[in-house]
Amino acid sequence: MNKNLENIYYDILNDKANQELVNKGYIPLYKVNENSKIIIIGQAPGIKAQEANETWLDQSGDKLRDWLGVTMDEFYNPDLFGQLPMDFFYPGKGKTGDLPPRKDFAKTWHPKILKELKNVKLIVLIGNYSQKHYLKDKYLGNLTKTVKNYQAYLPKYFPLPHPSPLNFRWFNNNKWFEVDVLPEFKKIVNNILNEK
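Residues numbered from 1 in each chain as written. Predicted model: local features only at pLDDT ≥ 70, side-chain atom pairs only at ≥ 80, totals over all residues. Heavy atoms only, no water.

## Notes on the overall build of the protein chain
Quick note on the threshold: Counting from the N terminus, the helices are the DSSP runs of H or I reaching at least four residues and the strands are the DSSP runs of E reaching at least two. With C-alpha atoms as the basis for the radius of gyration, the globule rule is written as 2.2 Å multiplied by the number of residues raised to the power 0.38. Here's how the labels work: a residue is buried when its accessible area is under 20% of the maximum for its type, exposed when over 50%, partly exposed in between, all with a 1.4 Å probe on protein chains only. Contact between two residues is taken to exist if any of their heavy atoms lie within 4.5 Å; hydrogens are not considered. Surface accessibility follows the Shrake-Rupley procedure with a 1.4 Å probe radius. Residue values consider only the protein chains on display as shielding.
Per the secondary structure count, the protein chain includes ten helices and six strands. At 16 Å, the protein chain has a C-alpha radius of gyration in line with the 16 Å of a compact globule built from 196 residues. Structurally, the protein chain occupies a C-alpha span of about 45 × 45 × 35 Å along its principal axes. Residues classed as buried in the protein chain amount to 46% of the 196 residues present. Here the contacts in the protein chain between residues at least 6 apart in sequence split such that 70% fall between residues at least 24 apart. Here the protein chain has roughly 10700 Å² of accessible surface; of this, 50% comes from carbon and sulfur atoms.

So this is what it looks like as structure tokens:
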């Protein structure tokens, strides 16, 4: 990790907005280095990920790695993949699941981090929060339309649904995703990882 990225990490740790979470023993959960080629932007760590200090270490992560066509070692190699959720800390429990990421977190920290990454070829936007934030007025009003029109956002972005097992209804209702979108996604990822 270069010096600037290291300084940003300590700035996040020392930010007043994060003190309550840091005091619980949480650390900012993201992983990048200046060589990261593909950036994965999801929602926020779940409690299991936060306690294990590792992103995507669950069934959702298994499915995501399958979509990407990569091994665990490749996925957690920051020269290949950067993990940059919309919030780097577990946001807490809500009525129907985890609370959303804090609104200003990505706006504050993502630009500083992304500025240091000189080799990014693709940013994968997982779920509504990242898609609304990054696609802005090009977001098509809902996740289904946005994912279906993924080609409109290439070569910079690739929008995906969340790979959670809880999303089974969406996958059952949108068979086109597995047939039309995933093979293209896998091909793009494979081409980037195999570039010399």
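Past the structure itself, the notes keep going.
## Brief notes about the packing of aromatic side chains
Geometrically, a pair of aromatic rings is defined through the distance of the ring centres and the angle of the planes. Rules: Put simply, two rings from Phe, Tyr or Trp (the six-membered ring, in Trp's case) pair if the centres are within 6.5 Å, and we call them stacked under 30 degrees between planes, edge-to-face over 60, tilted for the rest. Working rule: Lys NZ or Arg CZ, within 6 Å of ring centre, within 35 degrees of ring normal, means a charge sits over the ring.
On inspection of all chains with the given rule, the structure shows 17 aromatic pairs. Arranged with centres 5.4 Å apart and planes meeting at 85 degrees, the rings of Y9 and Y10 form a pair that is edge-to-face. Between F88 and F105, the aromatic rings sit 4.8 Å apart at their centres with planes inclined by 75 degrees, giving edge-to-face as the arrangement. Within this pair, whereas F88 is found in the loop between β2 (81-83) and β3 (93-94), its partner F105 is found in helix α6 (residues 105-115), the two being separated by 17 residues in sequence. Using a relative accessible area of 0% as the deciding quantity, one classes F88 as buried. The structure contains a cluster of three or more aromatic residues connected by ring pairs, namely Y9, Y10, Y30, F88, F89 and F105. Here the guanidinium or amino end of K63 rests over the ring plane of F171, the centre of that ring lying 4.3 Å away.

## Considerations on the packing of helix α4 (residues 59-68) against helix α10 (residues 176-193)
As a reminder of what qualifies: To get an axis, fit a line to the C-alpha atoms, keeping to the stretch in contact for a helix; angles then go from 0 to 180 degrees between the N-to-C directions. Each angle gets one of four labels, with under 35 degrees taken as roughly parallel, over 145 as roughly antiparallel, 65 to 115 as roughly perpendicular, and the rest as oblique. When residues are sorted by character, Ala, Val, Leu, Ile, Met, Phe, Trp, Tyr, Cys and Pro go into the nonpolar class, Asp, Glu, Lys and Arg into the charged class, and all the rest, Gly among them, into the polar class.
The contact between α4 and α10 brings their axes to 8 Å, and the two run at 75 degrees. Taken as axis vectors, α4 and α10 run roughly perpendicular relative to one another. The segment α4 lies against α10, with D66, W67 and L68 engaging F177, L182, F185, K186 and V189. Residue composition of the contact of α4 with α10, grouped by class: six nonpolar, no polar and two charged.

## A short note on the pairing of strand β6 (residues 157-160)
Threshold: Here, strands pair whenever DSSP counts at least two bridges between them.
On β6, burial covers both faces: Y157 and P159 on one face and F158 and L160 on the other are all buried. With four bridges connecting them, strand β5 (residues 122-126) and β6 associate as parallel partners. In the strand pairing of β6, I126 is matched with L160.

## Considering the packing of helix α1 (residues 3-14) against α6
What counts here: For any pair of crossing helices, the crossing counts as left-handed if the nearer helix is rotated counterclockwise from the farther one by less than a right angle, and right-handed if it is rotated clockwise.
Where α1 contacts α6, the axes come no closer than 10 Å and their chain directions differ by 165 degrees. In terms of axis orientation, α1 runs roughly antiparallel to α6. Here α1 and α6 pass one another in a crossing that is right-handed. When α1 is examined against α6, the residues L5, I8, D11 and I12 are found in contact with a partner set consisting of F105, W109, K112 and I113.

## Things to note about the sheet that holds strand β1 (residues 38-41)
Backbone-to-backbone hydrogen bonds pair the strands of a sheet. The strands run either parallel or antiparallel. Pairing within the open sheet is parallel, and its four strands lie in the order β2-β1-β5-β6. Only two strands of the sheet have a single neighbouring strand rather than two, namely β2 and β6. Taking each pair of neighbouring strands and ignoring which way they run, the sheet shows an average axis angle of 20 degrees. Two elements, β1 and β2, share three bridges in a ladder whose sense is parallel. Bridge pairing in β2 places I39 opposite G82.

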